[in-house]
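Each chain, written out:
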Amino acid sequence: MLTPILLLLAAATSTLAAPTTHTDPSKTTTSPRTTHTVVAGRPGLRFDPENIVAAPGSIIEFHFLPANHTVVEAAFDLPCVPKDADSFFGGFFPVAKNPDGGVAQSGEVFQIEIKDEKPVWFYCAQEKGRHCQSGMVGVVNQKVESGRTLEVFRMAAGGFEGVAGMQGRVQGGWRGANPNPNGGF
Ligand SMILES: *[C@@H]1O[C@H](CO)[C@@H](O)[C@H](O)[C@H]1NC(C)=O
Ligand SMILES: [Cu+2]
């Protein structure tokens, strides 16, 4: 059920990153999944877009800019800490700056599948520069009317005094070769 506010957010989000389609060749009978591209590491330590509306079954594909970002799933109540033992973690993506000054991004991406309508909260766990605590956080399918909004989550992250957590290994999604090197750019 989409409220008018969420529909407005969906419209705003789509101007930032037009969803592209992605077909799994092994499943030719199913309709193409929508893939939403999110770029990690825009100036100011941000995910872009950082507020995503995505239908169940769609894919969020994280692309990584310099210098060395990651993405980890959190619970709304505790930013900068993995939500639980199953929370997704993409590993770190070190990327050198392009010496010509053009955009450089990792040759790998991390994809997660949106399984239901529940909000999915995430952050970058890079401690060099305290990315999560500096506001490098985002959400898929926030429920504005609940008061549990990205801005509240970001404020809580800013007050987080510990060391941002991560998982011991890449999990909860797919990490592999960047299938869409121009996605989000
Ligand atoms: C990227 O950051 C992680 C976490 O801080 C660190 O363990 C890793 O060594 C870094 N990689 C590079 C190439 O700097
Ligand atoms: Cu980061």
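Residues numbered from 1 in each chain as written. Chains lettered and ligands numbered in written order. Predicted model: local features only at pLDDT ≥ 70, side-chain atom pairs only at ≥ 80, totals over all residues. Heavy atoms only, no water.

(A) The overall build of the protein chain, seen in detail. Helix and strand counts for the protein chain stand at two helices and 13 strands. Counting over 185 residues, the protein chain shows a buried share of 44%. Looking at the protein chain alone, contacts between residues at least 24 apart form 71% of all its contacts between residues at least 6 apart. Of the roughly 9300 Å² of accessible surface on the protein chain, a fraction of 59% belongs to carbon and sulfur atoms. (Helix = DSSP H or I, 4+ residues; strand = E, 2+ residues; numbered from the N terminus. Buried < 20%, exposed > 50% of the residue type's maximum accessible area, 1.4 Å probe, protein only. Contact = heavy atoms within 4.5 Å. Areas by Shrake-Rupley, 256 points an atom, 1.4 Å probe, with all protein chains shown as cover.)

(B) Geometry of unusual backbone geometry. Residue Pro-49 is bonded to the preceding Asp-48 through a cis peptide linkage, with omega at -5°. Within the secondary structure, Pro-49 sits in the loop between β3 (46-48) and β4 (51-52). Cis geometry marks the peptide bond from Pro-66 to Ala-67, where omega comes out at 10°. Positionally, Ala-67 belongs in the loop between β5 (59-64) and β6 (68-69). In this structure, Leu-45 takes a positive phi of about 55° despite not being glycine. Summarising the element assignment, Leu-45 is placed in the loop between β2 (33-42) and β3. For Leu-45, a relative accessible area of 23% translates into the label partly exposed.

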